[in-house]
Amino acid sequence: MAIEGFVAIYIFMLAAFAGFEVISRVPVILHTPLMSGSNFVHGIVVVGAMVVLGHAESVAEQVVGFIAVVLAAGNAVGGYVVTERMLEMFKSKDEQKKGAE
Amino acid sequence: MNFIVQLTYLLAAVLFILGLKAMSSPKTARKGIIWAGVGMVLATLVTFVHPAVHGFTNYLLIIIAIAVAGALAWWSGRRVAMTEMPQMVALYNGMGGGAAAAIAGVEMLRALRTAPADFRAQAEALAADANISMAAAEAALRAEGVASASIAGGLGADVAILAILGALIGTVAFSGSLVAWAKLDGRMKRNSLVPAQQLVNIVIFALAVIFGIMTFFTDSIAVVVIFFALGLLFGVFVAVPIGGADMPVIISLFNALTGLAVAFEGYAIGNPAMIIAGTVVGAAGTLLTQLMAKAMNRPITNVLFAGWGATEGASSEGPEGEMQDISAEDAGIMMAYAERVVIVPGYGMAVAQAQHKIWELVELLQDRGVDVKFAIHPVAGRMPGHMNVLLAEAGVPYDMIYDMEDINEDFAATDIAVVIGANDVVNPAARDDPSSPIYGMPILNVDAAENVLVIKRGRGAGFSGVENALFFGENTRMVFGDGQKVAGSMVQAVKGL
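Just so you know, these numbers come straight off a predicted model, no measurement behind them. (Residues numbered from 1 in each chain as written. Chains lettered and ligands numbered in written order. Predicted model: local features only at pLDDT ≥ 70, side-chain atom pairs only at ≥ 80, totals over all residues. Heavy atoms only, no water.)

Trainee: Sorry if this is basic, but what is going on with the overall build of chain B here?
Mentor: When its secondary structure is counted, chain B shows 19 helices and six strands. Based on the C-alpha atoms only, the size of chain B along its principal axes is roughly 105 × 50 × 35 Å. Scored against the burial criterion, the 497 residues of chain B give a buried share of 55%. A separation threshold of at least 6 residues defines the contact pool for chain B, and within that pool the share at least 24 residues apart is 76%. Surface summary for chain B: the accessible area is close to 20300 Å², and the carbon and sulfur share equals 62%. (Helix = DSSP H or I, 4+ residues; strand = E, 2+ residues; numbered from the N terminus. Buried < 20%, exposed > 50% of the residue type's maximum accessible area, 1.4 Å probe, protein only. Contact = heavy atoms within 4.5 Å. Areas by Shrake-Rupley, 256 points an atom, 1.4 Å probe, with all protein chains shown as cover.)

Trainee: For this particular structure, what's the right way to read the overall build of chain A?
Mentor: Each helix and strand in chain A was counted, giving five helices and zero strands. Counting helices and strands in the order they occur from the N terminus, chain A gives α-α-α-α-α. Across the 101 residues in chain A, those meeting the buried criterion constitute 60%. Counting contacts in chain A only where the partners sit at least 6 residues apart, residues at least 24 apart contribute 66% of the total. Carbon together with sulfur atoms contributes 66% to the accessible area of chain A, which is approximately 3900 Å² in total.

Trainee: Which parts of the structure should I look at to understand the nonpolar core?
Mentor: The nonpolar side chains of soluble globular proteins are, as a tendency, buried together. Counting 170 residues, the largest nonpolar core has A:I44, B:I343, B:I358 and B:F374 as the members making the most contacts within it. For this core, the leading source of residues is helix α4 (residues 85–130) of chain B, giving 17 residues. Among residues more than four places away in sequence, those in contact with A:I44 are B:F16, B:M40, B:A43, B:V262, B:A273, B:M274 and B:A277. Counting 27 residues, the second largest nonpolar core, distinct from the first, contains B:M404, B:I443, B:V454 and B:M478. (Core = buried A, V, L, I, M, F, W, Y, C linked by side-chain atoms within 4.5 Å.)

Trainee: Would you mind going over the interface of chain A and chain B with me for this structure?
Mentor: For an interface, size is often stated in terms of accessible area lost upon the parts coming together. Each side of the interface is counted separately: chain A has 83 residues, and chain B has 104 residues. Both sides of the chain A and chain B interface together cover about 8600 Å² of buried area, and 78% of this is carbon and sulfur. At the junction of chain A with chain B, the criterion picks out two salt bridges. A salt bridge links A:E57 to B:R113, with the nearest nitrogen and oxygen atoms 3.5 Å apart. Looking at the side of chain A that touches chain B, the element that brings in the most residues is helix α4 (residues 59–88) of chain A, giving 27 residues. (Buried area = accessible area lost by both parts, 1.4 Å probe. Salt bridge = Lys/Arg side-chain N within 4 Å of Asp/Glu carboxyl O.)

Trainee: Mind showing me how you'd approach unusual backbone geometry here?
Mentor: Generally, phi is negative for residues other than glycine and the peptide bonds are trans, each holding for most cases. Residue and element names in this part refer to chain B. The phi dihedral of N131 falls on the positive side, at around 55°, and the residue is not glycine. Summarising the element assignment, N131 is placed in the loop between α4 and α5 (134–144). Classification of N131 as exposed rests on a relative accessible area of 69%. Positive phi values are uncommon outside glycine, yet A196 reaches one of about 50°. Its place among the elements puts A196 in the loop between α7 (157–184) and α8 (197–217). On the basis of relative accessibility, which here comes to 54%, the residue A196 falls in the exposed class.

Trainee: Please clarify how the pairing of strand β2 (residues 371–376) of chain B should be interpreted in this entry.
Mentor: Along any regular strand the residues' side chains alternate between the sheet's two faces. Residues and elements named next belong to chain B. With respect to burial, β2 is a largely interior element, five of its six residues being buried. Pairing between strand β1 (residues 340–345) and β2: four bridges, direction parallel. Pairing of R340 across the sheet is with D371, part of β2. Bridging between β2 and strand β3 (residues 401–403) involves three bridges; their strand directions are parallel. Following the sheet pairing, F374 is matched in β3 by I401. (Pairing = 2+ DSSP bridges.)

Trainee: Got a minute to help me understand the sheet that holds β2(B) in this structure?
Mentor: Backbone-to-backbone hydrogen bonds pair the strands of a sheet. The strands run either parallel or antiparallel. Residues and elements named next belong to chain B. Strand order in the open sheet made by the six strands is β3-β2-β1-β4-β5-β6, with parallel pairing throughout. The outermost strands of the open sheet, each flanked by one partner alone, are β3 and β6 (476–480). Within this sheet the neighbouring strands show an average axis-to-axis angle of 25°, counted without direction. The strands touched by helix α13 (residues 328–336) within the sheet are β1, β4 (416–420), β5 (451–456) and β6, with β5 carrying the most contacts at an inclination of about 140°. Running over the sheet, helix α15 (residues 355–367) touches β1, β2 and β4 and is turned about 145° from β2. (Axes fitted to C-alpha atoms, helices over the stretch in contact; angles between N-to-C directions.)

Trainee: How do you make sense of the environment of B:V280 when you look at a structure like this?
Mentor: Structurally, B:V280 can be placed in helix α11 (residues 272–295). Here B:V280 falls in the buried class, since its relative accessible area comes to 2%. Separated by 260 residues in sequence, B:V280 and B:L20 place their C-alpha atoms 9.4 Å apart. Excluding anything up to four places from it in sequence, B:V280 contacts A:A15, A:A18, A:G19, B:I17 and B:L20.

Structural measurements only, silent on function.
Structure below.
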């Protein structure tokens, strides 16, 4: 599915606004988890890597495509694990008491 | 089938944005990462039925790659200590950049494989139609500029431009992030590779741009390989001179760049989920980078193009007076009889693994009715927010932790400010001494408190190499020793009361 030039520019622009909006009201305490979380989100590159490896038709394309999927999967999975571990710890006083009971 | 694939990508993009939104508040943050995770799993699964994916070998390779890399990343992500999180983020981010560059690589290889045949077919058709020779037909096609046996011809001009840009950004983010990881992990210590590094960097960048342009027009694989190599080399040369204190800003910048590279490659292969998620990360990451640079009072250009060295030595005069010691036990007892205590933790606390003991101490103090708060400087730790994560790990509830803006007014009404493993972020020189290299950086006004206790391993200067007048203050008492042991002695002293 090709995306026409101007439509792509609209998508770029709206997504950029969304990105700014999402971050602009974030407290400092969440900066590191959020950086880690956005690092996970660009792990979506894994679907692109799968597509290019999936339509590879020469050995060279398969080799580079394989590298792409390996790196992308590392990004996605690793990004998820470290973000989840960081956020796991954000509990308020009440939640901690509940957990202790 | 394509309809279902596209619909799932759309759903994934929505989940990513909602997830990031939820991640920007402590109450909903844990939900946020799970939503984004669901989006990722859905998008990955549906790609197995993507119309472009075919061939048994290719399917097998995809499954092997995901299984092996996924398992390794899962294992490494689970076992890493909380203090080492920043370098893991750098590592995984670099992998994402590398993946984006590799996608461009595959597309370029494909273009080089198919473009000559396509071009010949077009020329043959034209030659037959217009009844002219092959050479004339080829010349006519070239004159029209619609197609040639080059990467631009094979991919189309717009796709080629974005694929090349994405490849350049991706390779730089890849090698740069790996250097950042190696430096934070203590595997690399050096801060320069060659003399006149700035100049060399500019030359490498210029060469990379030239080869990028050549890649657009070329039909030779060698040019593409050199272009990728120059991108990787530039990433290394950019990241090596960056000082440890500036690393978080650089990791954040590389994170934003990877997002951009992913968006560009998303356009190149017509994948809207990659365009949206990549652009959102690119924009959010850029903003986050600016916020961090601002918190450190280091314009992003300074971070990239200058080291601390530029201003070092300007302030040669040390603070006057003597440091005054106090034993850990006495310090503990002092805190037990105080009304209001504010604890200012720095990365030194995390290195000493003292956060658990400190939290134990705080709980004891709270039982005695002492009002205890934690004050966190925006760049405490290795990244903004890193210290919050480390305290959260020790069990400190986030509603006891205050940002610099929220607590700076309170120091004047504080009985004891306890600085543990922090230095530059409480140095009054940043406020008072224009000749200091850290002048202008916002600090925690610890010196306004009635008493200041500083827990410190030794007498040396801080991360930036600047002496700290706070340590010589009238109302300051130094507790020298390993943070964990000192905190342990304090706990014993308070328990013994």
